[in-house]
Amino acid sequence: MAAATKDSNAPFCLDSYHVSEEFGFILPQPLEELPPYYQPWMDIALRVPELVHSHELRSCINRMPMLSSEFLQRHRELRLAHLALSVMTMGYVWQEGENDTVEVLPRNLAVPFWEVSQRLGLPPILVHADAVLANWKKRDPQGPFDMENLELLFSLPGGDNTRGFFMVTLLVELAAVPALKSIPTVINGVRCGDTEGVTKALDTISKSLQDMTDALKLMHAYVEPSVFYGIMRIYLSGWKDNPSMPKGLVYEGVQREPMEYSGGSAAESSLLHCFDELLGVKHEGKSGAFLTRMRNYMPPAHNQMIQDISMQPSLRNFVQEQPSEHLNQAFERCVTKLVALRSYHLNVVSRFITVPAALARQLRNQSQDSNEDLVSQAPKALEERGTGGSGLMTFLKTVRDQTKQAFLPETS
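Here is what the cut-offs are and how they apply
- Each residue is numbered by its place in its chain's sequence as written, counting from 1.
- Owing to the predicted nature of the model, reporting of local features is limited to residues with pLDDT of at least 70; listing and counting of side-chain atom pairs is limited to 80 or more, with chain, interface and lining totals taken over all residues.
- Computation of side-chain values: all heavy atoms of the structure, hydrogens and water removed.
- Elements are defined by DSSP. Helices are runs of H or I of four residues or more, strands are runs of E of two residues or more, and each kind is numbered from the N terminus.
- Only C-alpha atoms enter the radius of gyration, while the globule expectation follows 2.2 Å times N to the 0.38, with N the number of residues.
- In this scheme, a residue with accessible area under 20% of its type's maximum is buried, one over 50% is exposed, and one in between is partly exposed, where area comes from a 1.4 Å probe on protein chains only.
- Only heavy atoms enter the contact rule, under which two residues are in contact if any of them lie within 4.5 Å.
- Neither His nor the chain ends is counted toward charge; the positive residues are Lys and Arg and the negative residues Asp and Glu.
- A charged residue contributes its charge at one atom only: NZ of Lys, CZ of Arg, CG of Asp or CD of Glu.
- Note on definitions: salt bridges are taken to be side-chain nitrogens of Lys or Arg within 4 Å of carboxyl oxygens of Asp or Glu.
- Working definition: a ring pair exists when centres of Phe, Tyr or Trp rings (six-membered ring for Trp) sit within 6.5 Å. Plane angles under 30 degrees give stacked, over 60 give edge-to-face, the rest tilted.
- For a Lys NZ or an Arg CZ to count as sitting over a ring, it must be within 6 Å of the ring centre and within 35 degrees of the ring normal.

(A) Highlighting the overall build of the protein. Counting its regular elements, the protein contains 17 helices and four strands. Taking 2.2 N^0.38 as the reference for a compact globule, 412 residues should give roughly 22 Å; the C-alpha atoms of the protein span a radius of gyration of 22 Å, in line with that estimate. A buried classification covers 57% of the 412 residues belonging to the protein. Long-range pairs, those at least 24 residues apart, make up 78% of the contacts in the protein with a sequence separation of at least 6. Charged side chains of the protein number 38 positive and 48 negative; the gap between the two group centres comes to 3 Å.

(B) Molecular detail of the pattern of salt bridges. Across all of its chains, the model carries 16 salt bridges by this definition. For the salt bridge of Arg 47 with Glu 50, the shortest nitrogen-to-oxygen distance reads 3.3 Å. Taking the relative accessible area as the measure of exposure, Glu 50 reaches 45% and is therefore partly exposed. With a shortest N-O distance of 3.1 Å, Lys 207 and Asp 211 are connected by a salt bridge. Residue Lys 207 and its partner Asp 211 are located together in helix H9 (residues 195-216), separated by four residues, close to a single helical turn. Taking relative accessible area as the criterion, Lys 207 reaches 53% and is therefore assigned exposed. One network of salt bridges, in which partners are shared, links Arg 139, Glu 151 and Arg 163.

(C) Examining the packing of aromatic side chains more closely. Enumeration according to the criterion identifies 12 aromatic pairs in this entry. Pairing Phe 228 with Phe 352 gives two aromatic rings, centres 6.0 Å apart and planes at 90°, and the pair type is edge-to-face. With a gap of 124 residues between them, Phe 228 in helix H11 (residues 225-232) and Phe 352 in helix H16 (residues 325-365) connect regions that are remote in the sequence. Both residues of the pair, Phe 228 and Phe 352, belong to the buried class. Feature note: the residues Tyr 37, Tyr 38, Trp 41 and Phe 71 constitute an aromatic cluster, connected by ring pairs. Looking at Arg 58, its charged tip hangs above the ring of Tyr 92, at a distance of 5.9 Å from the centre.

In short, shape yes, function no, at least from these values alone.
Here it is in structure tokens:
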């Protein structure tokens, strides 16, 4: 856990927040193997897509030996274990789709998953920190960090589309690294009145935000909307605010009462939370409450960084107080690029969720046999909601519009 940066004399730095100079929030060099004792987990987790397809995953997990988590020592071991257990959990719950979900996660999966989650400070469900930040390897270790050279450690049903979805998201995270590294420069510059230093750092952040948008555009090249909507999406869904699992999920051996956790969401990425706090973007109402709750789905050190940024002197006030036109323009460019990124995300969500949902309703309303169409077979329960449980388009538009309010007031 990072120590809060409350001493105004101590320079703000990234050292205590598990932020990599090269990879940002991405876990550098994730492990690919657990100690041999945990091979039964790995054997099943690596085969989740094929075992779901053959309807054998639940029976395989039910026969899995009960293993203790005590032999997991290092942070990377815990992250790999959490990833493996979460992939198994999503497959187990959703193997038969929305009409035959389970109410109980078996003890031999639930107990170690809970224990590993407690040690990491993460919830016992697949999160962004698993599926994206800790779920990659290079095909050629000496090769570039790009789509052609990246591979998943664990997958979910959806084939190459699943790889494309998670890898493009990973590249969005990578594009943000220069911006993350510039945050301390901005904060320390505001503290000491370094207008020029803050201006240059904001220029880096606005360029990085543009690079994130450009990386997100790759989603259209690597993911088919019909596959994402019809096959992949349910495996990212949680058991909170989900009509398919109104009672939540009992983690056997952990507690008798069912628990509810949100599914994967872009709101679990720490990136935009950091930029919002830095630029003074305020999210209120239901959208603000949802975003705040999503911080509990991040690694604690990353959550702490967001909180600590929020406690720093206001950059927005600093910009308004300075007579520098260049500083003013640099700040406005950052807000403009952040709004543009959120607008483009709306575009992506529309293409991958809203449009297929409308098509699914149309096909079901027709009397023709459409069993061969992936979209028509997609789960109905989440048609208007995100996998995190939010009312999707309304939420995203609200967040985008609240971001616009960070623009500086026009002065005569």
